[in-house]
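# Structure assessment
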Amino acid sequence: MSIAIALDGPAGAGKSSIAKRAAKALDYIYIDTGALYRTIGLAASRRGVEPVPSAAVDEMLAQISVDLTFNEKGEQIVLLDGEDVSGLIRTPEASMMASKISAIPSVRAYLLDLQRGMAKTHNVIMDGRDIGTVVLPDAQVKIFLTASPEARAGRRYKELIEKGMDVKYEDILQDVITRDYNDSHRETAPLKPAEGCVMVDTTELDFEQSVEKIISVIKENI
Ligand code: DC
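What comes next is a walk through the structure.

Criteria and cut-off values
Residues numbered from 1 in each chain as written. Predicted model: local features only at pLDDT ≥ 70, side-chain atom pairs only at ≥ 80, totals over all residues. Heavy atoms only, no water. Pairing = 2+ DSSP bridges. Helix = DSSP H or I, 4+ residues; strand = E, 2+ residues; numbered from the N terminus. Contact = heavy atoms within 4.5 Å. Axes fitted to C-alpha atoms, helices over the stretch in contact; angles between N-to-C directions. Near = heavy atom within 4 Å. Polar contact = N/O pair within 3.5 Å; in protein donor to acceptor, adjacent residues only side chain to side chain. Areas by Shrake-Rupley, 256 points an atom, 1.4 Å probe, with all protein chains shown as cover. Nonpolar A, V, L, I, M, F, W, Y, C, P; charged D, E, K, R; others polar.

Moving on, we get to the sheet that holds strand β5 (residues 83–84). Taken in spatial order, the 3 strands make up an open sheet running β3-β4-β5, and their pairing is antiparallel. Each edge of the open sheet is held by one strand with a lone partner, namely β3 (66–70) and β5. As defined by bridge partners, β3 adjoins strand β4 (residues 76–80) across 5 bridges and the pair is classed as antiparallel. Bridged to Phe70 within β4 is Gln76. Running at roughly 30 degrees to β4, helix α2 (residues 34–47) makes contact with β3, β4 and β5 of the sheet.

Here it is as structure tokens:
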């Protein structure tokens, strides 16, 4: 039987970089489910479909294909109708679109099988918002990773500046606060700690300490 680690928490808590490193150390596959919501957001932007529950969204879902694959380095590639959109989904606009589109129940239902299918066939660390609560409630280990909004905004700011993007810290902080609110107040699968999860707060931890902490929590619980 494959092993599943559910890793949930708010935007910018460092889930993806920490989980990638932990997955490598443990020889698991890292799955970033946010990329799937971002990809649906991109599809909607391209088609001019509003990110609200509607027949137009459902029609779009019936027409598009979203797939996950991995490159030779083991990095996740997300495909929209066969096109690699992994880079295109990383802008602040795509983040906001993903946050809105992910509140739509039919969008969440659409992505459920894809996520569960990955966990059936591989040992995974799956990163998202509802992995421990909805997608993989039977995961062997459930972790809720968080940090203060200011710490999370600061990290995201640094990341985007390093990529050469022209962004302001105050805007990023406001985005983090808005997305936290959207993600935890939506009706379907809101962001909340799963029953029986281990809470890990990285506000005072640096990257290496966070990785160590996650690996030790996983080892203690499998
Ligand atoms: O992790 P991220 O920032 O790439 O996620 C983008 C958006 O998708 C975020 O606003 C919340 C949403 N999301 C979700 O609702 N459920 C998941 N399992 C993963 C992400």
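All right, on to the site of the ligand then. Of all residues adjacent to the ligand, which total 16 residues, the nearest are Thr33, Arg38, Arg108, Arg129 and Arg186. Between the ligand and the protein, one listed contact pairs an oxygen atom with a side-chain N or O atom of Arg129 at 3.0 Å. Residue Arg179 places a side-chain N or O atom 3.0 Å away from an oxygen atom belonging to the ligand. Within the complex, 96% of the 450 Å² of free accessible area of the ligand lies under protein. If you list the elements that add at least two residues to the shell around the ligand, you get α2, α4 (92–101) and α8 (169–185). In terms of residue count, the dominant contributor to the shell around the ligand is α2 (3 residues). Its residues placed into classes, the shell around the ligand shows 3 nonpolar, 5 polar and 8 charged.

By themselves, these are just geometric observations and shouldn't be taken as functional.
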